[in-house]
Each structure stands twice: as C-alpha cells, then as structure tokens.
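# Working through the structure, step by step
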Amino acid sequence: MTNQPVAAKPESGGAISDFGIDTTTQSTGEAVRDFFVRLRSGDLGSMPAVLGLGVLVLYFWTQSESFLTLDNTANLIAQGSGKMIIAMGLVFVLLLGEIDLSAGTASGVCAAVMAMHYVRAGNLVGGMGSTVFYVFVGGMLVAAVLAVIMRIWAGAVFAMVAVTIAMLGVGPNPWIEMLLALCVGTAIGVITGFLVSKIGMPSFVVTLALFITWQGVILQFIGQGGVFGIGTQPVLFSVANGNLSVLGSWILFAVGIVGYAGVVLGEHYVRVNKGLVTAPTPIVVGKVAAVTVIAALGTYAFTLNRSPNDFVVIEGVPYVVPIVLVLLVIGTYVLNRTRYGRHIYAVGGNAEAARRAGINVPKIRASVFVVCSSVAALGAIVYSSKVGSVDPQAGGLNTLLFAVGAAVIGGTSLFGGRGKVIHAVIGGLVLAVVENGLGLLQQPAAVVNIVTGLVLLLAASVDALSRRRATVAVR
Amino acid sequence: MSEPILEVTGLNKSFGPVHVLHDVDFTVRAGEVTALVGDNGAGKSTLVKCVAGIHPMDSGIVRFNGDPVSVHGPRDAAKLGIEVVYQDLALADNLDIVQNMFLGRERGGAWLLDEASMEQAARDTLASLSVRTVKSVRTPVSSLSGGQRQTVAIAKAVLWESKVVLLDEPTAALGVAQTRQVLDLVRRLAEQGLGVVLISHNMADVFEVADRIATLYLGRMVAEVPTREVTHGQVVELITAGRSGDLGLARPETATV
Ligand SMILES: Nc1ncnc2c1ncn2[C@@H]1O[C@H](COP(=O)(O)OP(=O)(O)OP(=O)(O)O)[C@@H](O)[C@H]1O
Ligand SMILES: [Mg+2]
C-alpha cells in the first residue's frame, strides 16, 4: 500500500524521518501504529468519550429493561440536544482558552423573549412593561453599535433585526419568534465579546457577572413563579417533540450519507491524485462504510413504531437529529475549511504568533462569544420546546455546566487550541445517557448530580494530564 | 555598494520607563547580508520587531526603496515584502506545518481554503531548502524538535516573494549540518537580490556570510561597517564595550572636551 519508497525507517517513536522523501501515503499498518503513538503522546481527542459512551450504554442496558428501548433512546436524544447545542457553541469559546459562564442564562433570556413574544401575541411592550421594554431595545441598539465598532457585521445586523421585530410589534409567528431568540442571543454575545476583548476583562469575570445579570433579566421578564407555555404552538412544540415522516427519515439518511461520502471520498480522491498527505484508502473507505451502516441502522430503528401506547403511532427520526447534524456540519466546516476557523485555532494555540501573522486577535476573540451566544439561543429553542414552556429557571441550574462538561468530556481542551464541534455531540450524549440512565434506575437527583460532576472531573483531568504528556513529549 | 532597500532613521523605542532603542539608524541593502550583532538585551530583537510592525515605534522614520512608509502592523510589513524569523519562532503548536507557514495569508477564499495548493507550495519550499527533517508537512508543530521548528519558521519566511528577510538568531537551535544549510540559504537569498539581516551571536557565522556588520550596544547603533574592514577582535570589542579604536562610541575624554 505504500506508494512512496520509504528509505529511512523512523527510529525513535516513529515521528522523525527524512523530509526529502516525505511520505504522503501511509500503509494501513503504519496509520494504526501512528494512531497509537499519538494516543501515547497525549493526543486523545474524543477516544475516551467514545469508549465511555459505549461502557455506559452497556451498563445501563444490563441494568434497566427500558434503557435501550426505541422510545427511551429518542427521548434521551431530545432531552440532551438543547444543552448539546449550547455546548457546540461553547467549543468556539473554549478553543481560545476562554470560558463563557453566561451561555446558559443567556440562552434563558432568548427563550424568555421568544416565549413572551408568543404568549403576548407579539406585544413585547405589554409583556415587559414600557420601561423594561425600552431598556431592552436600548440594549439591543448598544449591541448593534458595539458590533459595528468591532466590525462584526453579522452581529450588528442580527441585533438590528431584534430591534426591528420588537419595535414593529410583529404578530406572533413561530419562525419570527425563533429568529428573535437567535438575534437576541447574537446581541448578547456581542456585549460579552466587547467586554472581554475590547475592555480586556478576563472572560471568567465578565461571564460570571453576566450569568447573574441574565438570571435577573429572565426573572424580570417572566416574573416570580410565572411561566410562559409554548406547547400550544405546534411549530415551537414540534422542534424537540416532532418527528420526520418515515419517508422523510430515509430522505434525510440518503441526503446525509451521499453528502458525507461524497465529501470524504471525493476529497480523498483529489488528495491522492495530487500526491498530498492522505490517510490510507482502506481506512477512509472503512470509515465511510461504518458511518453508513450505523446511520442506516439508526434510521431504520427510528422508523419503527416506538409508541408505548397502542393507540398512537410514533415513528420517524426526531427533528432534533437533523437540527444537531446541520449545526455539526456547519460548525465543522467553519472550523476546518474557512479562514475564520483556521484563525480561531491559531489564536487558541499561540495568540502572539497569530498577532504577528497579522490576524486581528481581538476581533476573533470577540467573535467567538457572538457565535457561542447565538448558538446557545438555538439550544434554548430546543430545550424550551422539549419542556413546552419557559420559566424563570430556564437556562439556569446546571445547563451551563452540562454544556461545558459535554464539550470537555468530548475531548475539547480547556486550555485552548484543541477541540472540535463533534466533541460537544459525543460529550453531550455521554451526559444525556448518564442523566437518563440514572433516572431510569430511580436514582435521586443527588446521585445524578454527583455522578455527572465526577464524570466532568474525570474528563477535565484526562485533558490536563494529556496536555502535560503532550508538552513533555514535545522535546 | 547597492542601494538601501530598507532604511531606518532615528528610531526610538521605550517599554514604559525603559528606553530600549536610542536614535537607531539602520540600513539594509538589497543583495547584501547585514549582520546585526550586540550583547544580550542590546535591543536587536526589539529593532526587528519595530521594523516588522509588531511594536509601534515612539519615533523614527522607515524608508522602503527610498520612500517613507508607515508600518502599523505585521500586515503592512508583509505587504512591503518584509519577512521575519522571530527569535521565539512564533509558531502555533496546535497547527501543522502547512497551516503555520500560511498563517494569516491562507490561499483560497475566506469561505473555502485551498489546502491542496498550500500543501504543495509548503512542500516545494521545504524541499528547495533541502530540509530533510520532517516526515510529513501535515505534522503538527507540537511534535517537532526545536531545530525542526526553527526550520519551519525559516521556511515560512522564505515562502513569500519577499524583498527583505530578517532572521533573529535562526541557527540558535540547529545542528552543524542544519546551520550550514541556513547559512547557505542566507547567502543564496542575498544573491537573489534580497536584503537579508542576520542576527547571531556566532562571530564565525557572521564573518562568513555578512557583507556588513551593524553593532548595537545598549540600544545604540555604535557601528555599521563592511565586514572586510574589521577584525573579529574589533567586533567583539564593539559588542562588549561599544567602541574599538576609532570605531563606535566616542571616547569619553574626546566627548567631554
Ligand atoms: N515586551 C517588552 N516589554 C518590556 N521590555 C522589553 C520587552 N521586549 C524587550 N524588552 C527589553 O528590551 C531590551 C532589549 O531586548 P531585546 O529582546 O531586543 O534584546 P536582544 O538584543 O534581542 O537580546 P538577545 O540577544 O538576548 O536576544 C531588554 O532589556 C529587554 O528587557
Ligand atoms: Mg533577541
């Protein structure tokens, strides 16, 4: 399988050989060996999380009859996906070695505004009271101005859209409401980003302060003991509770797999032809085949009737699956293929080097908070839909810790520079399984919290230890 | 003697209360290697960073090809064709060799990078430097040795159609063979008509490749002389005492008279 003559065999650790005979294609055996070398040098990625997920699923499967049922699996995914989405946005912040503690309550603000718009039939002035309303609109305007100052144009546009929707008193419409939530999230992110990157406060302090602030804002919007029901709005309700039709599920499968295989195999083909560095063909093909089989089995399982009740039929892939997949694809694309994504990694890896390369480091730093809060707003739409209502606790409690935990458990480093959007998905699944499984075993919230916390601690120590190994292994 | 391609005059730079560079004049000529020498802390790296737009200058004029230019950031310097190999290399550990070499100047659209073209160009550059140290151009920099990193940093600087290359102690971490290659490269770049600045503490290297030697002493440019007009001993004296015979700072007694 080796296309290039390999003259000098790598001696120590297999890392160093000659560049003059730079190998672009490895044999499968070499690739596997390389993989283990990388593991040993501390580059674990999402390996521990995937293994842990497998172990957890096996464990709960043996412990509870109802764990691996179709019904529970769909439920588990729908329950976990809101926080999983928030975690996807957090990955961008974590990649810079920053933290956004306010992502949870910021998402709660978005949920509250969205729900109020629906409950009050678009009349936000009535819902908030005129003083609060004008403060709210003023805040959005400030965000728009800050975004312009920082030249984050998308942030300015979204903030102005939120102002427009609020001022015009646009009538209730689920799509408008979701757009409003997203725009409020963007505006919040602009404010966070400005405070961290332009004022220069540590993100920990800024977002801790905002965490508390947004909690107050939610309470102000909803009122003590209040609750906004959105379960009566069919679109808002089905985001996390609805399913694709059986036909739709298979179409999703077909589109997803053709797209995935097309991109992966097409790129591999091009790289091999141009003589670029590639993974061995058997591994690439094997990966695509494995994903296809798993996706097909999953799709098939979800198209079976999973209703525990004989009188209703519940079938089809839940909407949250394509929602998460689309966000995963977009996030991965942005991080891997665009200049912006490359610069995020560079700033996270060595901010000074990035600055010397002419990268606008403050802008990148601000922008990740905008991404994070915007994506958190999408997470808020999903988790509010799942519950069917928004109360003053929305986005509070352990939403944020769950989201940070998901990203870190999935393999994203808290030290910056290393992480992928898929880590949020894998880690989110781990935590969703823990929460759901322990719930099925009738464990009290105390145990669930303790176990969740310990899992996070474990993941963070794996991160810290592997980082230490990596720095030791460098020279 | 060729025309000055880069000319710095009256450069002052302070970090807070510390006045690091005093009225420094410095000239880089196309097709020549100018060695910049001086003791630790003399201000060599600071001078290079000011020219590269990393540090703003307090005062001073930079002329490029005779025209005054304002360098407000690394991008301005790169646009003029000034490339720098920094003493600390300035590589992002988590990125691979190709990604580091093109950092900030990626090929392709903002929304779809052209990885293939970048990878090929990176490999060609490394091959043209006959760099024989790295297994694959997709190796993350974190897994390279110190010397390999330095090589990548140098390759990064010569990848571009540059006019001036400033190398801040580029051979500090290199072995004998690798140092040889870098010195050859320095000469080759000058022969291609580039203005090359080499910062080094190794006098043998300096005397081998440099056409002119500029000496910084406590932030002052004390001498800028053709290499063949000075001896080893004189340069060492200039570095350590700031003067040597008629060269360098004026003698205190003549200064006070
Ligand atoms: N960012 C900075 N902030 C404050 N002081 C600085 C900074 N950079 C350099 N200095 C000071 O400026 C002086 C010159 O430093 P510089 O790095 O230019 O020396 P150098 O000639 O390159 O020395 P070496 O040979 O050790 O590399 C030193 O006294 C150093 O302490
Ligand atoms: Mg220096």
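The sections below set out a description of the structure shown in this document. For every chain, the first residue of its written sequence is number 1, and the numbers climb from 1 along that sequence. Chains and ligands are labelled by the order in which they are written, letters from A for the one and numbers from 1 for the other. Where totals are concerned, whole chains, interfaces and linings use all residues; where local detail is concerned, this predicted model gives features only for residues with pLDDT of at least 70, and gives and counts side-chain atom pairs only at 80 or more. Based on all heavy atoms of the structure, the side-chain values leave hydrogens and waters out of the count.

### Here's the deal with a nonpolar patch on the surface
Threshold: Note that patches include only residues with greater than 30% relative accessible area and no salt bridge, and the join distances are 9 Å for like charges and 5 Å for nonpolar side chains (Val, Leu, Ile, Met, Phe, Trp, Tyr). All accessible areas in this document rest on Shrake-Rupley with a 1.4 Å probe, and a residue is counted as covered only by the protein chains that are shown. Salt-bridge detection follows one rule: a side-chain nitrogen of Lys or Arg within 4 Å of a carboxyl oxygen of Asp or Glu. Remark: exposure states derive from per-residue accessible area (1.4 Å probe, protein chains only) relative to the maximum for the residue type, with buried under 20%, exposed over 50%, and partly exposed in between.
A cluster of nonpolar side chains, Phe204, Val205, Leu208 and Ile212 of chain A, forms an exposed patch at the surface whose accessible area comes to about 370 Å². Here Phe204 of chain A falls in the partly exposed class, since its relative accessible area comes to 48%.

### Observations concerning the coordination of the magnesium ion (ligand 2)
All names here are of chain B. What counts is decided by this rule: As a rule, N, O and S atoms within 2.8 Å of a metal are its donors, except that Na, K and Ca use 3.2 Å; water is not among the atoms, so sites may look incomplete. Numbering of helices and strands starts at the N terminus; helices are DSSP runs of H or I of at least 4 residues and strands are runs of E of at least 2.
Distances from the magnesium ion (ligand 2) to its protein donors, Ser45 (OG) and Gln87 (OE1), fall within 1.9 to 2.1 Å. Here Gln87 lies in the loop between strand E6 (82-85) and helix H3 (97-101) and Ser45 lies in helix H1 (residues 44-51), a separation of 42 residues in the sequence. Given a relative accessible area of 40%, Gln87 falls into the partly exposed group.

### Considering the packing of helix H3 (residues 70-95) of chain A against helix H18 (residues 421-440) of chain A
Residues and elements named next belong to chain A. Selection rule: Note on geometry: axes are lines fitted to C-alpha atoms, helical ones only across the stretch in contact, with angles between N-to-C directions running from 0 to 180 degrees. Roughly parallel means an angle under 35 degrees; roughly antiparallel, over 145; roughly perpendicular, 65 to 115; everything else is oblique. We call a crossing left-handed when the near helix sits turned anticlockwise from the far one by less than a right angle, and right-handed when that turn is clockwise. Contacts: residue pairs with any heavy atoms within 4.5 Å of one another. Asp, Glu, Lys and Arg are counted as charged, while Ala, Val, Leu, Ile, Met, Phe, Trp, Tyr, Cys and Pro are counted as nonpolar; the rest, among them Gly, fall into the polar class.
Contact geometry for H3 and H18: axes closest at 7 Å, N-to-C directions at 140°. One way to sum up the angle between H3 and H18 is to call them oblique. Where H3 crosses over H18, the handedness of that crossing is right-handed. Here Asn72, Leu76, Gln79, Gly80, Lys83, Met84, Ala87, Met88, Val91 and Phe92 of H3 come into contact with H18, specifically with Val421, Ala424, Val425, Gly428, Leu429, Ala432, Val433, Glu435, Asn436 and Leu440. Its residues assigned to classes, the contact of H3 with H18 comprises 13 nonpolar, five polar and two charged.

### Here we look at the sheet that holds strand E3 (residues 33-38) of chain B
All names here are of chain B. Basically, it comes down to this: Each pair of strands is called paired provided DSSP finds at least two bridges between the two strands.
Strand order in the open sheet made by the six strands is E6-E9-E10-E3-E11-E12, with mixed pairing throughout. On the outer flanks of this sheet lie E6 and strand E12 (220-226), each paired with one strand and no other. When the angles between neighbouring strand axes are averaged without regard to direction, this sheet yields 15°. Bridge analysis of strand E9 (residues 164-168) against strand E10 (residues 195-199) gives five bridges, and the strand direction is parallel.

### Focus on the site of ligand 1
Residue and element names in this part refer to chain B. Our working rule: Residues are counted as near a molecule or strand when any one of their heavy atoms sits within 4 Å of it. Nitrogen and oxygen atoms within 3.5 Å of one another constitute a polar contact, given that in protein one can donate a hydrogen and the other can accept it, and given that sequence-neighbouring residues count only through two side-chain atoms.
What surrounds ligand 1 is a group of 13 residues, the closest being Asn40, Gly41, Lys44, Ser45 and Thr46. Interatomic distance of 2.8 Å between a backbone N/O atom of Gly41 and an oxygen atom of ligand 1. Contacts to ligand 1 include Gly43, whose backbone N or O atom sits 2.9 Å from an oxygen atom. Protein coverage of the free-state accessible area of ligand 1, which is 630 Å², stands at 61%. Among the residues making up the shell around ligand 1, the classes are represented as three nonpolar, seven polar and three charged.

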